[in-house]
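Chain by chain, the residues:
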Amino acid sequence: MKANYGYMDGSGEYYITIDTDHCIECAHHGCLDGCPKGMFEIITDDYDDEVAQIKEEFRKKIKYDCADCKPVKDRPPLPCQEACTPGAIEHSW
Amino acid sequence: MITAGIDMGAKNIRVLILKDGEVIARAEHTAGFETEESARAAFAKALEQAGVTEDRIDKIVATGAGRESAPLATESVTDVGAAARGAKEVLPQAHTIIDVGAEEGRAIKTDGNGKVMDFAVNEKCAAGAGSFTEAMSRALEVPLEEFGTLSLKSTTSTPMNAQCAVFAESEVVSLLHAKTPKKDIARAVHDAIADRIISMVRRVGIEPEVALIGAVSRNPGFVDSLKRGLERDVFIPDDAEYIGALGAALVAVDG
Amino acid sequence: MAEREFWRWKEYNWHDENIDWKGCDTITAGVDVGSVSSQAVIMVDGKLYAFASTRTGSDSPQSAQKVMDWALENTGMNLDDIHYKVGTGYGRVNVPFADKAITEIACHARGGNFMYGNTVRTILDMGGQDCKAIHCDERGKVTNFLMNDKCAAGTGRGMEVFADLLAVPIEDIGELSFDVEKEPPPVSSTCVVFAKSEASGLLRKGWPKNKVIAAYCNAMAHRVVTLLERIGVEKDFAITGGIGKNIGVVKRIEDELGIEALKADGDTQTAGAVGAALFGKALLEKSRKS
Ligand code: SF4
Ligand code: SF4
């Protein structure tokens, strides 16, 4: 399943997409420690799979919470994406 | 040489006239729905103040969201460009400029010569600009002028969940029902908007000297929350809301 | 300031008199506690037996109890007769009598699959305070989803702000929006706050109310279509939720997408609760087997 967490408002679209099919196979869940803000958590979803999700309290403000990882110029690779070896994480902005 | 800058903001239109580097007039008019007429009205007011006639003005440059529809102006400069140019004139030591108006927030990093290195803009969402504070002061039924000072009286921070001006209005009303003092709600509102502005500032990088310009710099509650969040002082120039118009008038001088 | 009613769809309950639940093998319930309205559904042996819809009060557990009691009204059934109860929606963890909580996304997909048939692949749910877009497979399992509950644009709440501004009952907006000579261009601001001042400007310019309403319905439809485009629209396509009843928005979404939405018998607002009751049935059967 592709799970899109985030939002769209007048200023733009801010979604983090997690392809949870990758999570099911993933052994070490690098996202948990990879994100400096601790935005990820592993849960058992409605279909009994162990997958990553963005914690509820971040979902309405990821544009602001991810700002530190996204300088205007010379953006380095995102820590969450680097930590996720199966490549499950994508950002829309 | 006499030049003029017209800042066509979403809420207010501001005109500033420069004569040989000296400000000789500044005037404003609410933008309303007929922005061209409002711009002419603001311009006429400024001319009267300066005691000059229109034909004495060598060049007029427009800036602001509505700069393309500015009457009289022969050229235009972006908000970012105008803010950077204006700020260089009044606060040359500030390399990070925060500009918060009614409908937009901006963070700009300059090289110290008025040249823009990076910038980030928050626009088209009322939650990231002055309109947010206005909507909340309305919901609380506190006049906007008192809203900022009210916030200064609070000593506790109350988190707000809603990130949207519309949903925040209901949140503010339920905080009120829950007997949260108005001063604490005012502070929560200013903290929330300052946080959003700060995250944008961090994207361009914070240089030691920070300038705050734009109309929202007149709100002491916001300024207080901003300083606390940034953990540093910010410089607010005189006539902070005219820095855009000043920048445009200077661009006219620069040619 | 008086408490405002954000969404004023009618409260009601219903049950199927032709079903004798006493002889049934599986009795399950789904309770969907949304931010604005709550629904409860009772299913017996996989068939819809009873449901109720009410406004959500300030207290979620109470609202859950109230809507459940109402669904049970005149059925002769008691809460204890129900074998498995599932809570869903924004207040799902606050349903005191629920055996399990399941997300509204999963329940919506499952309920949509039941109500619209297993050919439905895209479900758009437009609620009072949020908007969801869901892709699901032929078993009603979610394959892709997104939600927008941060921004009031594109939600019932955004529409409510407009209804208030224009002093028009919200139920009439859909009809009125078609009473224009020519479809006006959409209101250009997405943000509800800015769109509201834009609309005031249009009224001052002399636009008739209906034209402003049409321009806003148009903007809202466009907004929702943009959201849908993130996950893409595959046929069959269904629209559920409170705004799903606003034909002014629905018709414009269909036009912009060039796809007609499926029509369901029954109230589309109950899709989440139906899905929850179906999850309940599956979980019950699983627990009986083991
Ligand atoms: S961009 Fe940074 S803050 Fe955002 S999710 Fe990734 S690691 Fe976390
Ligand atoms: S409706 Fe709310 S979140 Fe949406 S753009 Fe406006 S203020 Fe921002």
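Residues numbered from 1 in each chain as written. Chains lettered and ligands numbered in written order. Predicted model: local features only at pLDDT ≥ 70, side-chain atom pairs only at ≥ 80, totals over all residues. Heavy atoms only, no water.

Draft legend 1. Representation of the pattern of salt bridges in the model. Here the structure, examined in full by the defined rule, presents 35 salt bridges over all chains. What emerges from the salt-bridge pattern is a single network uniting Arg67(B), Glu68(B), Asp79(B), Asp99(B), Glu104(B) and Arg106(B). (Salt bridge = Lys/Arg side-chain N within 4 Å of Asp/Glu carboxyl O.)

Draft legend 2. Quick look at the site of ligand 1. Inspection of the region around ligand 1 gives 13 residues, with Cys35(A), Pro36(A), Cys66(A), Cys69(A) and Cys80(A) positioned closest. In terms of residue class, the shell around ligand 1 is built from ten nonpolar, one polar and two charged. (Near = heavy atom within 4 Å. Nonpolar A, V, L, I, M, F, W, Y, C, P; charged D, E, K, R; others polar.)

Draft legend 3. Main features of the interface of chain B and chain A. In this complex, chain B contributes 14 residues to the contact, which on the side of chain A involves 13 residues. With both chains or domains summed, chain B and chain A bury close to 1200 Å², and 51% of this area falls on carbon and sulfur atoms. Linking chain B with chain A are two salt bridges. As a salt-bridge pair, Lys73(A) and Asp118(B) come within 3.3 Å of each other at their nearest N and O atoms. Counting the contacts that link chain B with chain A gives five residue pairs in polar contact (both at pLDDT 80 or more). For the side of chain B that touches chain A, the secondary-structure elements that each account for two or more residues are strand S8 (116–123) and helix H6 (182–204) of chain B. Tallying contributions element by element places S8(B) first for the side of chain B that touches chain A, with six residues. Across the side of chain B that touches chain A, the residue classes break down as five nonpolar, three polar and six charged. (Contact = heavy atoms within 4.5 Å. Buried area = accessible area lost by both parts, 1.4 Å probe. Polar contact = N/O pair within 3.5 Å; in protein donor to acceptor, adjacent residues only side chain to side chain. Helix = DSSP H or I, 4+ residues; strand = E, 2+ residues; numbered from the N terminus.)

Draft legend 4. A look at the site of ligand 2. Around ligand 2 sit 14 residues in total, of which Gly10(A), Cys125(B), Cys164(B), Cys151(C) and Cys191(C) are the nearest. One finds residues of chains A, B and C in close proximity to ligand 2. Looking at the shell around ligand 2, its residues break down into ten nonpolar, one polar and three charged.

Draft legend 5. Highlighting the packing of aromatic side chains. What the rule picks out here adds up to seven aromatic pairs over all chains. Consider the rings of Tyr47(A) and Phe279(C), whose centres lie 6.2 Å apart with planes at 45 degrees: the pair is tilted. Pair noted here: Tyr47(A) is in the loop between strand S3 (40–44) and strand S4 (50–54) and Phe279(C) is in helix H8 (residues 271–289), and the two residues belong to different chains. A centroid spacing of 5.9 Å and a plane angle of 80 degrees characterise the contact between Tyr12(C) and Phe51(C), whose relative ring orientation is edge-to-face. Of this pair, Tyr12(C) sits in strand S1 (residues 12–15) while Phe51(C) sits in strand S4 (residues 47–55), placing them 39 residues apart in sequence. Of the residues examined, Tyr12(C) reaches a relative accessible area of 25% and is grouped as partly exposed. What links up through ring pairs into an aromatic cluster is the set Tyr7(A), Tyr14(A) and Trp93(A). Of note, Arg14(B) hangs over the ring of Tyr242(B), and the distance from its end group to the ring centre comes to 5.9 Å. The residue whose ring lies beneath Lys141(C) is Tyr47(A), and the NZ or CZ to ring-centre distance is 5.0 Å. (Phe/Tyr/Trp six-rings, centres within 6.5 Å; stacked < 30°, edge-to-face > 60°. Buried < 20%, exposed > 50% of the residue type's maximum accessible area, 1.4 Å probe, protein only. Lys NZ or Arg CZ within 6 Å of the ring centre and 35° of its normal.)

Draft legend 6. Focus on the domain arrangement of chain B. Residue and element names in this part refer to chain B. Split into domains, chain B comes out as domain 1 (1–91 + 238–255) and domain 2 (93–236). Each of domain 1 and domain 2 has a C-alpha centre, and the two are 25 Å apart. At the junction of the two partners, domain 1 supplies 15 residues and domain 2 supplies 25 residues. For the pair domain 1 and domain 2, the two sides together bury roughly 1600 Å², of which 68% comes from carbon and sulfur. Interface area lost by domain 1 to domain 2 is led by Val80, Leu91 and Ala240, which between them contribute 38%. Between the two partners, domain 1 and domain 2, sit three salt bridges. Between Arg218 and Glu241 there is a salt bridge, with the nearest N and O atoms lying 2.8 Å from each other. Scanning the region where domain 1 abuts domain 2 turns up six residue pairs in polar contact (both at pLDDT 80 or more). By residue number, the principal contributor to the side of domain 1 that touches domain 2 is helix H2 (residues 79–90), which donates six residues. Across the side of domain 1 that touches domain 2, the residue classes break down as eight nonpolar, no polar and seven charged. (Domains from an automatic or database assignment.)

Draft legend 7. Layout of the packing of helix H3 (residues 156–166) of chain C against helix H6 (residues 209–231) of chain C. Residue and element names in this part refer to chain C. At a minimum axis separation of 11 Å, H3 and H6 run at an interaxial angle of 170 degrees. Between H3 and H6, the interaxial angle falls into the category roughly antiparallel. The segment H3 lies against H6, with Gly158, Met159, Phe162 and Leu166 engaging Lys209, Val212, Ile213, Tyr216, Cys217 and Met220. For the contact of H3 with H6, the class distribution of residues is eight nonpolar, one polar and one charged. (Axes fitted to C-alpha atoms, helices over the stretch in contact; angles between N-to-C directions. Parallel < 35°, antiparallel > 145°, perpendicular 65-115°, else oblique.)

Draft legend 8. Structural context of the interface of chain C and chain A. Each side of the interface is counted separately: chain C has 23 residues, and chain A has 19 residues. Interface area, chain C with chain A, both sides summed: about 1900 Å², of which 51% is carbon and sulfur. By the criterion of area lost to chain A, the three top residues of chain C are Phe145(C), Lys150(C) and Arg230(C), representing 33% of everything that side buries. The tally of links from chain C across to chain A stands at three salt bridges. Close ionic contact of Asp9(A) with Lys150(C) constitutes a salt bridge, the shortest N to O distance being 2.5 Å. The tally of links from chain C across to chain A stands at twelve residue pairs in polar contact (both at pLDDT 80 or more).

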